[in-house]
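Chain by chain, the residues run as shown.
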Amino acid sequence: MLALAIATIAAIGVLWILPLAPPIQYLPPFVIAVGMLAILSLVPIAVGQLRAPPNTGLAYLAYRLRFAEFSVEEEPGRLKVRIGPLLVLRFDAVPTAEGSRVRYRWEPSPVGWTGYLLVWGLVFFLPTGVPALLVILRLWRFNARVLAPIVPASGELPSIPGVEAVRAALVNGLSECHRLAREAYEATRTRYWDSQGIVILAGVLATGLLLLVSVLVSPEPDAVRRVLGAIPLAVAGGIAAAVPLGLLVRRRIRPRLLRYREWADRLRALLRREIAGSPPQDEGESSFEALMAASREVPEWVDARRRAGLSADLGMWSLFVIVLGWSIELLAIGAYQLGTAPLVGLAAIVGSLPFIGALYLWWRWWGKRQREGATRALDAWTARFDALRAQMESYLEGL
Amino acid sequence: MADAQPPERPDLYVVARLLERLWRENGPMVKTRLQVAANVNYDVFSRYLAWLLRKGLVALENSPNGHERVALTPKGYEAYRRLVQWIDEVVHGRMPGP
């Protein structure tokens, strides 16, 4: 795979250097870079052969990776492991005659995708081959430093000593709660910046609208002077609209953001204590109590992930941004044409309004769907937690 | 102290805190240290200790220096393991097993 990456980057370099016409010169490296990442993410990378059924092998791997402080999400027949902020690995196990063969595929996390697209968009062709090479180097390091020591060469899974059963359950529970708290924090942070982005957009739209109205009602006969005279008022109006909205967003979302971060930090500290098996401290917090308290928060964390806004849903977000881009483009063209061809300009501005209205309705519908899902999840979780508490109390009483 | 009146409905958190502290110690603990670690007053501690002793979750041991020490019994270890196991199952989205 390393050879493939080096060959690809060499091909990109050669095509880039060749004295071809710009579109021909730039297109192949572009296509190769995208194709390379796509192909790399589809190729399963072998972890090893285990003498255990697939589910047992994956459970062992999840246990060991949690002890190595990785965020592990268990799905039926699969594991989702986050390594760093940019990459997610999806493990699965294929049944074989001897047991199972474990492998994984990688994919960028939402932050990773955003980063990659930014690098692509801003710096354009220069680093096209670099992300692929960085991914390969990261995976190679993960294989060598993390997977190799925990996947036995013989394939025989080592037994977990009985004394570790409690610690394993504590690590499992704390790791899962930490993952949920951290994801809630990240989702809320995304929501916060999305909302601030919308506020900025609202400010820009208000500026545009004020500019339009000022230009239309101004008695000044010279068009340039009319526009120049209207700009300060329009900008001040846009700022006056955006700043209170921005402060409102900050007041509504920031306390929750800080609370989620506090939970994530607290659970991480406890998780590290359990992993390290630190000597007991009399004033140390009880992991059990923290887990019970955290499990009360879980519905809110799950809800926070659902309410993260469109940018947490990559497909919907891309479509939204494209349509929004068209609408803004149409609006800008309309504003630009107003001075020279008022009818065309007005038509473009009016034409953009249904798009903006449709986007707003779409956004509302998406939010409603998310809220309904969150309510169902919250009800189910509350019932489960109440059942747990009742079961624990009844168990203690019946001892 | 073992003559103290055990609570009728023991608080799950206090019981779990005492069991966890003993499990974490991996050996017997002097009573006063356990009381401080569990963050409860002497009266509450005495009542919970009586309850734990009655249920067979802990046992008292005499140390050579005359201090009475509390040790986790296999039944106590199993009780704590179960509580942790159940909560682990719940946070992973499963109903707690028997």
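Computed from a prediction, not measured in an experiment: that's the story for all the values here.

Cut-offs applied
- Residues numbered from 1 in each chain as written.
- Chains lettered and ligands numbered in written order.
- Predicted model: local features only at pLDDT ≥ 70, side-chain atom pairs only at ≥ 80, totals over all residues.
- Helix = DSSP H or I, 4+ residues; strand = E, 2+ residues; numbered from the N terminus.
- Rg over C-alpha atoms; globule rule 2.2 N^0.38 Å.
- Buried ≥ 20, exposed ≤ 12 C-beta atoms within 10 Å, placed from the backbone.
- Contact = placed C-beta atoms within 7 Å.
- Nonpolar A, V, L, I, M, F, W, Y, C, P; charged D, E, K, R; others polar.
- Expected span 1.5 Å × (residues − 1).
- Arc of directions from axis to C-beta.
- Pairing = 2+ DSSP bridges.
- Axes fitted to C-alpha atoms, helices over the stretch in contact; angles between N-to-C directions.
- Core = buried A, V, L, I, M, F, W, Y, C linked by C-beta atoms within 7 Å.
- Domains from an automatic or database assignment.

Trainee: Pulling in residues and values, what's your account of the overall build of chain B?
Mentor: When helices and strands are counted, chain B shows 4 helices and 3 strands. Counted from the first residue to the last, chain B has its helices and strands arranged as α-β-α-α-β-β-α. Taken against the 2.2 N^0.38 rule, which gives 13 Å for 98 residues, the C-alpha radius of gyration of chain B at 14 Å falls within 12% of a compact globule. The buried share among the 98 residues of chain B stands at 37%. Once local pairs closer than 6 in sequence are excluded, the contacts in chain B between residues at least 24 apart make up 58%.

Trainee: Any details on the interface of chain B and chain A? Residues and values, ideally.
Mentor: Across the boundary between the two partners, chain B contributes 30 residues, which contact 29 residues of chain A. Those elements giving two or more residues to the side of chain B that touches chain A turn out to be α1 (12-25), α2 (31-38) and α4 (74-91) of chain B. Taken together, the residues of the side of chain B that touches chain A sort by class into 18 nonpolar, 2 polar and 10 charged.

Trainee: Any details on helix α3 (residues 42-55) of chain B? Residues and values, ideally.
Mentor: All names here are of chain B. With 14 residues, α3 extends 20 Å between its outermost C-alpha atoms, agreeing within 8% with the 20 Å of an ideal straight helix rising 1.5 Å per residue. Taken residue by residue, α3 has F45, Y48, L49, W51 and L52 as its buried positions. Around the axis of α3, the buried residues are gathered within 160 degrees of arc, so they sit on the same side. Exposed and oriented more than 90 degrees from the buried face of α3 are Y42, D43 and R54. On its buried side, α3 packs onto α1, α2, β2 (58-62) and β3 (68-72). Directly after α3, the chain includes G56, whose backbone phi takes a positive value near 75 degrees.

Trainee: If you had to explain the environment of B:Y42 to someone new, which residues and values would you point to?
Mentor: Tracing the sequence through the fold places B:Y42 in helix α3. A sequence separation of 10 residues divides B:Y42 from B:T32, and the C-alpha atoms of the two residues are 8.5 Å apart.

Trainee: Let's hear about unusual backbone geometry: which residues, and what values?
Mentor: Residues and elements named next belong to chain B. One non-glycine residue, N26, lies in positive phi territory at about 60 degrees. Turning to its location among the elements, N26 is positioned in the loop between α1 and β1 (29-30). Phi is positive for N39, which is not a glycine, with a value near 60 degrees. By the secondary structure assignment, N39 is in the loop between α2 and α3.

Trainee: Now, about the sheet that holds β3(B): what can you tell me, with residues and values included?
Mentor: Whether parallel or antiparallel, the strands of a sheet pair through hydrogen bonds between backbone atoms. Residues and elements named next belong to chain B. Strand order in the open sheet formed by 3 strands is β1-β3-β2, and the pairing between neighbours is antiparallel. Across the chains shown, the open sheet's two edge strands, defined by having one partner strand only, are β1 and β2. Relative to β3, β2 is paired through 5 bridges, and the arrangement is antiparallel. Across the sheet, N62 pairs through a bridge with E68, a residue of β3. Strands β1, β2 and β3 of the sheet are contacted by α1, whose axis makes an angle of about 90 degrees with β3.

Trainee: How would you explain the nonpolar core if you had to name every residue and give the values?
Mentor: Within the largest apolar cluster, 58 residues are counted, with the highest numbers of intra-cluster contacts made by A:A181, A:L267 and B:L19. No other element matches helix α6 (residues 164-217) of chain A, which puts 12 residues into this core. Both domains that furnish three or more residues to this core are identified here as domain 2 (161-310) and domain 3 (313-399) of chain A. Setting aside residues no more than four positions away along its own chain, A:L267 makes contact with A:L174, A:C177, A:H178, A:A181, A:A290 and A:A294.

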